[in-house]
Amino acid sequence: MSDPTRALWTKTKKANKVEKSEAEWQAQLTPEQFHVARKAGTERAFTGPNWDEKAAGVYNCVCCGQALFDADTKYDSGTGWPSFYAPVAEDAVEYVADKSLFSTRTEVVCSNCDGHLGHVFPDGPAPTGLRYCMNGLAMDFDRKED
(Lines give C-alpha, C1' and ligand atoms only; values in the text may rest on other atoms or scores of the structure.)
Protein backbone atom coordinates (compact mmCIF):
# COMPACT_ATOMS: atom_id res chain seq x y z
CA MET A 1 0.00 0.00 0.00
CA SER A 2 1.35 3.42 -0.87
CA ASP A 3 1.62 6.01 1.87
CA PRO A 4 -1.44 8.27 1.56
CA THR A 5 0.17 10.86 3.81
CA ARG A 6 2.61 11.44 0.95
CA ALA A 7 -0.09 11.41 -1.72
CA LEU A 8 -0.39 14.06 -4.39
CA TRP A 9 -4.03 14.43 -3.33
CA THR A 10 -5.43 14.12 -6.81
CA LYS A 11 -9.06 13.18 -6.61
CA THR A 12 -10.46 11.03 -9.36
CA LYS A 13 -14.13 11.20 -10.21
CA LYS A 14 -15.51 7.78 -9.38
CA ALA A 15 -18.24 6.62 -11.71
CA ASN A 16 -21.73 6.66 -10.19
CA LYS A 17 -20.63 8.71 -7.18
CA VAL A 18 -23.50 9.54 -4.81
CA GLU A 19 -24.39 13.21 -5.19
CA LYS A 20 -27.11 15.01 -3.27
CA SER A 21 -27.98 18.61 -2.58
CA GLU A 22 -27.13 20.16 0.76
CA ALA A 23 -30.85 20.08 1.65
CA GLU A 24 -31.04 16.36 0.86
CA TRP A 25 -28.01 15.62 3.07
CA GLN A 26 -29.49 17.73 5.88
CA ALA A 27 -32.77 15.81 5.67
CA GLN A 28 -30.95 12.45 5.81
CA LEU A 29 -28.40 13.16 8.57
CA THR A 30 -28.61 14.45 12.12
CA PRO A 31 -27.28 18.01 12.55
CA GLU A 32 -24.11 16.59 14.16
CA GLN A 33 -23.55 14.05 11.36
CA PHE A 34 -24.12 16.76 8.74
CA HIS A 35 -21.61 19.09 10.41
CA VAL A 36 -18.92 16.38 10.48
CA ALA A 37 -19.54 14.42 7.27
CA ARG A 38 -20.66 17.18 4.89
CA LYS A 39 -18.95 20.27 6.37
CA ALA A 40 -15.64 18.62 7.40
CA GLY A 41 -16.27 19.19 11.08
CA THR A 42 -14.71 17.28 13.95
CA GLU A 43 -16.40 15.81 16.98
CA ARG A 44 -14.74 16.32 20.35
CA ALA A 45 -12.44 13.52 21.47
CA PHE A 46 -14.04 10.73 23.54
CA THR A 47 -17.58 11.88 22.64
CA GLY A 48 -18.41 10.31 19.27
CA PRO A 49 -20.09 6.96 18.77
CA ASN A 50 -17.99 3.80 18.76
CA TRP A 51 -14.66 5.38 19.70
CA ASP A 52 -14.26 2.65 22.31
CA GLU A 53 -16.19 -0.14 20.53
CA LYS A 54 -14.33 -3.47 20.64
CA ALA A 55 -16.81 -5.80 18.86
CA ALA A 56 -16.25 -7.39 15.47
CA GLY A 57 -17.96 -5.74 12.52
CA VAL A 58 -17.65 -3.18 9.77
CA TYR A 59 -17.75 0.62 9.89
CA ASN A 60 -19.82 2.09 7.04
CA CYS A 61 -20.20 5.62 5.72
CA VAL A 62 -23.07 7.36 7.50
CA CYS A 63 -23.96 9.17 4.26
CA CYS A 64 -24.02 6.37 1.67
CA GLY A 65 -23.50 3.09 3.55
CA GLN A 66 -20.26 2.11 1.81
CA ALA A 67 -18.00 -0.19 3.86
CA LEU A 68 -14.96 1.78 5.04
CA PHE A 69 -13.11 0.01 7.86
CA ASP A 70 -13.16 -3.48 9.35
CA ALA A 71 -13.07 -3.70 13.14
CA ASP A 72 -10.12 -6.10 12.78
CA THR A 73 -7.96 -3.07 11.80
CA LYS A 74 -9.16 -0.89 14.68
CA TYR A 75 -6.87 -0.13 17.61
CA ASP A 76 -6.79 2.14 20.64
CA SER A 77 -4.65 5.11 19.63
CA GLY A 78 -5.42 6.95 22.86
CA THR A 79 -6.76 9.92 20.90
CA GLY A 80 -10.47 9.48 21.67
CA TRP A 81 -11.44 8.89 18.04
CA PRO A 82 -11.92 5.55 16.27
CA SER A 83 -8.50 4.70 14.79
CA PHE A 84 -7.65 2.11 12.16
CA TYR A 85 -4.44 1.08 10.44
CA ALA A 86 -6.06 0.42 7.03
CA PRO A 87 -9.36 0.86 5.16
CA VAL A 88 -11.43 -2.21 4.26
CA ALA A 89 -10.27 -1.78 0.62
CA GLU A 90 -7.80 0.61 -0.97
CA ASP A 91 -10.53 2.21 -3.08
CA ALA A 92 -12.95 2.67 -0.15
CA VAL A 93 -11.47 6.07 0.69
CA GLU A 94 -9.84 8.98 -1.13
CA TYR A 95 -7.29 11.50 0.10
CA VAL A 96 -7.47 15.28 -0.10
CA ALA A 97 -4.98 17.96 0.95
CA ASP A 98 -6.33 19.79 4.00
CA LYS A 99 -4.54 23.11 4.44
CA SER A 100 -6.57 24.34 7.39
CA LEU A 101 -5.09 24.93 10.85
CA PHE A 102 -1.89 26.44 9.44
CA SER A 103 -0.50 23.11 8.20
CA THR A 104 -1.13 20.52 5.52
CA ARG A 105 -2.76 17.29 6.61
CA THR A 106 -4.22 14.42 4.61
CA GLU A 107 -8.00 14.40 4.81
CA VAL A 108 -9.78 11.07 4.31
CA VAL A 109 -13.16 11.05 2.51
CA CYS A 110 -15.53 8.30 1.42
CA SER A 111 -14.75 7.46 -2.20
CA ASN A 112 -18.45 6.90 -2.93
CA CYS A 113 -19.93 10.20 -1.71
CA ASP A 114 -17.03 12.48 -0.61
CA GLY A 115 -18.22 12.39 3.00
CA HIS A 116 -15.54 13.72 5.37
CA LEU A 117 -14.26 10.94 7.65
CA GLY A 118 -11.15 12.35 9.32
CA HIS A 119 -7.41 12.39 8.65
CA VAL A 120 -4.58 9.89 8.20
CA PHE A 121 -1.20 10.21 9.91
CA PRO A 122 2.10 8.28 9.57
CA ASP A 123 2.31 7.30 13.25
CA GLY A 124 0.19 4.14 13.36
CA PRO A 125 1.01 0.52 14.16
CA ALA A 126 2.25 -2.28 11.92
CA PRO A 127 1.60 -3.52 9.36
CA THR A 128 0.94 -0.15 7.62
CA GLY A 129 2.38 2.39 10.06
CA LEU A 130 -0.70 4.55 9.41
CA ARG A 131 -3.30 5.96 11.79
CA TYR A 132 -6.65 6.63 10.19
CA CYS A 133 -8.13 8.94 12.83
CA MET A 134 -11.84 8.96 11.99
CA ASN A 135 -14.91 10.73 13.32
CA GLY A 136 -17.40 8.32 14.86
CA LEU A 137 -20.28 10.53 13.68
CA ALA A 138 -19.22 9.92 10.07
CA MET A 139 -19.65 6.14 10.35
CA ASP A 140 -22.29 3.60 11.32
CA PHE A 141 -21.09 0.40 12.96
CA ASP A 142 -22.51 -2.87 11.62
CA ARG A 143 -21.83 -5.36 14.40
CA LYS A 144 -20.96 -8.87 13.26
CA GLU A 145 -23.35 -11.41 14.72
CA ASP A 146 -21.75 -14.41 16.44
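None of these values were measured; they are calculated from a predicted model.

S.K.: What exactly am I supposed to notice about the pairing of strand β6 (residues 105-110) here?
M.R.: Two faces make up the sheet, and in a regular strand the side chains alternate between them. By the criterion of burial, β6 is predominantly enclosed, with five of the six residues buried. In terms of strand pairing, strand β5 (residues 93-98) meets β6 through six bridges, oriented antiparallel. Pairing of Tyr95 across the sheet is with Val108, part of β6. The antiparallel pairing of β5 with β6 creates a hairpin that spans six residues between the two strands, and Leu101 there sits at a positive phi of about 60 degrees. Pairing between β6 and strand β7 (residues 116-121): four bridges, direction antiparallel. Pairing of Val108 across the sheet is with Gly118, part of β7. Here β6 folds back onto β7 in antiparallel fashion, the turn holding five residues, of which Asp114 has a positive phi close to 65 degrees.

S.K.: How do you make sense of the layout of surface pockets when you look at a structure like this?
M.R.: Think of a ball as big as a water molecule: rolled over the atoms, this probe shows where empty space is left. Here the largest pocket defines a volume of roughly 200 Å³. Taken together, 16 residues line the largest pocket, and the ones lying closest to its centre are Glu53, Lys54, Lys74, Tyr75 and Asp76.

S.K.: Just to check I follow, could you spell out the sheet that holds strand β1 (residues 57-61) for this structure?
M.R.: Across the sheet, which stays open at both edges, the three strands sit in the order β2-β1-β9 with antiparallel pairing between neighbours. Each end of this open sheet is capped by a strand with a single partner; those strands are β2 (67-70) and β9 (139-143). Within this sheet the neighbouring strands show an average axis-to-axis angle of 30 degrees, counted without direction.

S.K.: Can you walk me through the nonpolar core in this structure?
M.R.: Burial of nonpolar side chains together is a common tendency in soluble globular proteins. By size, the foremost hydrophobic cluster in this structure holds 29 residues, and its most contacted members are Phe69, Val93, Tyr132 and Met139. Where this core is concerned, the elements lending two or more residues are α2 (31-37), β1, β2, β5, β6, β7, β8 (131-134) and β9. The element best represented in this core is α2, accounting for three residues.

S.K.: Which parts of the structure should I look at to understand the state of the cysteines?
M.R.: A disulfide bridge is the covalent bond that connects two cysteines by way of their sulfur atoms. Using the criterion set out here, one finds zero disulfides in the structure. Cys64 provides the cysteine sulfur closest to Cys110, a residue in no disulfide bond, and the two sulfurs are 3.6 Å apart. Residue Cys113 stays outside any disulfide, its sulfur separated by 3.6 Å from that of Cys61, the closest cysteine. The exposure class of Cys113 is buried, given its relative accessible area of 1%.

S.K.: I'm lost on unusual backbone geometry in this one. Help?
M.R.: Phi is mostly negative for residues that are not glycine, and the peptide bonds are mostly trans. A cis amide bond, omega 10 degrees, links Ala126 with the succeeding residue Pro127. You can see Pro127 is positioned in the loop between β7 and β8. A positive phi angle, close to 65 degrees, is found at Phe46, a residue other than glycine. Mapped onto the elements of the fold, Phe46 is located in the loop between α2 and β1. By relative accessible area, Phe46 is classed as partly exposed at 44%. Phi at Asp114 is positive, roughly 65 degrees, even though this residue is not glycine. With respect to the secondary-structure elements, Asp114 resides in the loop between β6 and β7.

Procedures and definitions
Residues numbered from 1 in each chain as written. Predicted model: local features only at pLDDT ≥ 70, side-chain atom pairs only at ≥ 80, totals over all residues. Heavy atoms only, no water. Buried < 20%, exposed > 50% of the residue type's maximum accessible area, 1.4 Å probe, protein only. Helix = DSSP H or I, 4+ residues; strand = E, 2+ residues; numbered from the N terminus. Pairing = 2+ DSSP bridges. 1 Å grid on protein atoms, 1.4 Å probe; cavity = no way out; pocket = protein on both sides within 12 Å on 5 of 7 lines; lining within 4 Å. Points joined across faces, edges and corners; volume = space filled by probe spheres on them. Axes fitted to C-alpha atoms, helices over the stretch in contact; angles between N-to-C directions. Core = buried A, V, L, I, M, F, W, Y, C linked by side-chain atoms within 4.5 Å. Disulfide = S-S within 2.5 Å.

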